[in-house]
Amino acid sequence: MRRTLVAVVGIGLLAACGAPVAGRPVPAAGFGPATTPATSPSPLSLDGVNLCGLLTAEDLTPAGGLKGEPHKRTATFPEACGYPLGNGATSDIALVALHKPLSQVRQDQPAGHAETTLGYPTWLHCAVTDGYRTCTATVEVRPDRSLLVAVDKRDISEAALVRILQPLAERAVTRLPRA
């Protein structure tokens, strides 16, 4: 009996480890791999940017839709705009903010990881507090500043929230003017 069990476990391990998987790994929900592109993307201007104009109601539909008007929200970030989200908990929100340099963000969020957004270096970080999951994509648009795009929703998986966050980060970046 013991010899049969060892043989069955051994064959199972060989079968599980021996089968190749076709395809290539995919970065987190559409964010690009954290490799250095052949050409660096153009620096973007943050001067005079209307943070409440970087996302639209249509952009926010996959996140539950825009519920109310976007508004300045300076409780966490001095320069930020909150977009209240519908179809979920009353405190669900998307946020766009001007933030510190990406190098500082990496130090402050060691549990995050590097990605890219439209060629711009990005630090992706997710955390759960009191049933709310917050995922942030901090995009280095200039060496001295970054653009943070965040989504905070209750009772959602990290994978689902990152799938919502990625296109929002891309849309916000594409609406910034070139430096």
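Look up a bit, the structure's there.
To keep things clear, this report deals only with the structure shown in the data block. In this text the structure is predicted, and so the values were computed from the model without any measurement.

What counts and what doesn't
Residues numbered from 1 in each chain as written. Predicted model: local features only at pLDDT ≥ 70, side-chain atom pairs only at ≥ 80, totals over all residues. Heavy atoms only, no water. Core = buried A, V, L, I, M, F, W, Y, C linked by side-chain atoms within 4.5 Å. Buried < 20%, exposed > 50% of the residue type's maximum accessible area, 1.4 Å probe, protein only. Helix = DSSP H or I, 4+ residues; strand = E, 2+ residues; numbered from the N terminus. Contact = heavy atoms within 4.5 Å. 1 Å grid on protein atoms, 1.4 Å probe; cavity = no way out; pocket = protein on both sides within 12 Å on 5 of 7 lines; lining within 4 Å. Points joined across faces, edges and corners; volume = space filled by probe spheres on them.

1. What about the nonpolar core?
Right, so step 1: By size, the foremost hydrophobic cluster in this structure holds 35 residues, and its most contacted members are Leu51, Leu54, Tyr83, Leu147, Val151 and Leu176.
Right, so step 2: Put simply, the parts of the chain that give this core at least two residues each are strand S2 (80-84), strand S3 (93-99), strand S5 (120-129), strand S6 (132-142), strand S7 (145-154) and helix H3 (158-174).
Right, so step 3: Considering each element in turn, this core owes the most residues, 9 residues, to H3.
Right, so step 4: Grouped together as the second largest cluster of nonpolar side chains are 6 residues, Phe77, Ala80, Ala97 and Leu148 included.

2. A short note on the environment of Leu148
Right, so step 1: Mapped onto the secondary structure, Leu148 falls in strand S7.
Right, so step 2: For the pair Leu148 and Ala169, spaced 21 residues apart in sequence, the C-alpha to C-alpha distance is 8.0 Å.
Right, so step 3: Discounting residues that sit within four places of it in the chain, Leu148 has contacts with Phe77, Leu95, Val96, Ala97, His99, Thr136, Ala137 and Thr138.

3. As for the layout of surface pockets
Right, so step 1: What the largest pocket holds in volume is close to 360 Å³.
Right, so step 2: What lines the largest pocket is a set of 17 residues, among which Thr76, Phe77, Leu95, Thr134 and Ala150 lie closest to the centre.
Right, so step 3: Contributing elements (two or more residues each) for the lining of the largest pocket: S3, helix H2 (102-108), S6 and S7.
Right, so step 4: Broken down by element, the residue count for the lining of the largest pocket peaks at 4 residues, all from S3.

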